[in-house]
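Residue strings, one per chain:
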Amino acid sequence: QVQLVESGGGLVQAGGSLRLSCVASGSIFSINAMGWYRQAPGKPRELVAFITSGGVTNYVDSVKGRFTISRDNAKNTVYLQMNSLKAEDTAVYYCNAKNRYNPNKNYWGQGTQVTVSS
């Protein structure tokens, strides 16, 4: 089993920055790609960014050029640097990890609230 613990959420003004962290523990060897999802009130959860174990990244169009995902394998940690935040970025952000042996198996963190005031 894998446990994911997020931190770094909070309240920030539009145009500001936040950095989210997610530390993985447990069966680390079973993790392949890691990423961040978000869910705003009344909306479905959406993928924000992911990074593979080899460092390949991908982003949803709405955050390209503003958010950067990175990974420190030695610390079992994935980060999401969020710059130029907008009110529409307000959501609960969830860390996600995929099982390398079963891509349909997902691990989730508890979520961290990001609120951007306009």
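Rules used in this analysis
Every residue gets a number counted from 1 within its own chain, in the order that chain's sequence is written. Only residues with pLDDT of at least 70 get local features here, since the model is predicted, and only at 80 or more are side-chain atom pairs given and counted; chain-wide, interface and lining totals rely on the full set of residues. Hydrogens are left out, water is left out, and the side-chain values use all remaining heavy atoms of the structure. Here a strand is any run of E in DSSP of at least two residues, a helix any run of H or I of at least four, and the numbering for each starts at the N terminus. Radius of gyration here uses only the C-alpha atoms, and the compact-globule reference equals 2.2 Å multiplied by the residue count raised to the power 0.38. With a 1.4 Å probe rolled over the protein chains alone, any residue whose accessible area is under 20% of its type maximum counts as buried; one over 50% counts as exposed, and the rest are partly exposed. Whether two residues are in contact is decided by their heavy atoms: any pair within 4.5 Å suffices. For the area figures, the Shrake-Rupley method with a 1.4 Å probe applies, and any residue is considered shielded solely by the protein chains shown. Here Asp and Glu are counted as negative and Lys and Arg as positive; His is not counted, and neither are the chain ends. For this purpose, a charge sits on NZ of Lys, CZ of Arg, CG of Asp or CD of Glu.

Some words on the overall build of the protein chain
Then, in step 1: Scanning the protein chain from N- to C-terminus turns up zero helices and 11 strands.
Then, in step 2: By the compact-globule yardstick of 13 Å for 118 residues, the protein chain fits well, its C-alpha radius of gyration being 14 Å.
Then, in step 3: In terms of overall dimensions, the protein chain has a C-alpha envelope of 40 × 25 × 25 Å along the principal axes.
Then, in step 4: Relative to its full complement of 118 residues, the protein chain shows a buried share of 41%.
Then, in step 5: Sequence separation of 24 or more characterises 54% of the internal contacts of the protein chain that already satisfy a separation of 6 or more.
Then, in step 6: Accessible area of the protein chain: about 6100 Å², with a carbon and sulfur share of 50%.
Then, in step 7: Charged side chains in the protein chain number 12 positive and 6 negative. The centres of these two groups are separated by 6 Å.

Points about the environment of Y107
Then, in step 1: Relative to the elements of secondary structure, Y107 occurs in strand β10 (residues 106–108).
Then, in step 2: Judged by relative accessible area, Y107 falls into the buried class, the value being 6%.
Then, in step 3: Along the sequence, Y107 and N76 sit 31 residues apart, while their C-alpha atoms lie 14 Å from each other.
Then, in step 4: Look past the residues within four positions of Y107 in its chain and what remains in contact with it is Q1, V2, L4, S30, C95, N96, A97 and N99.

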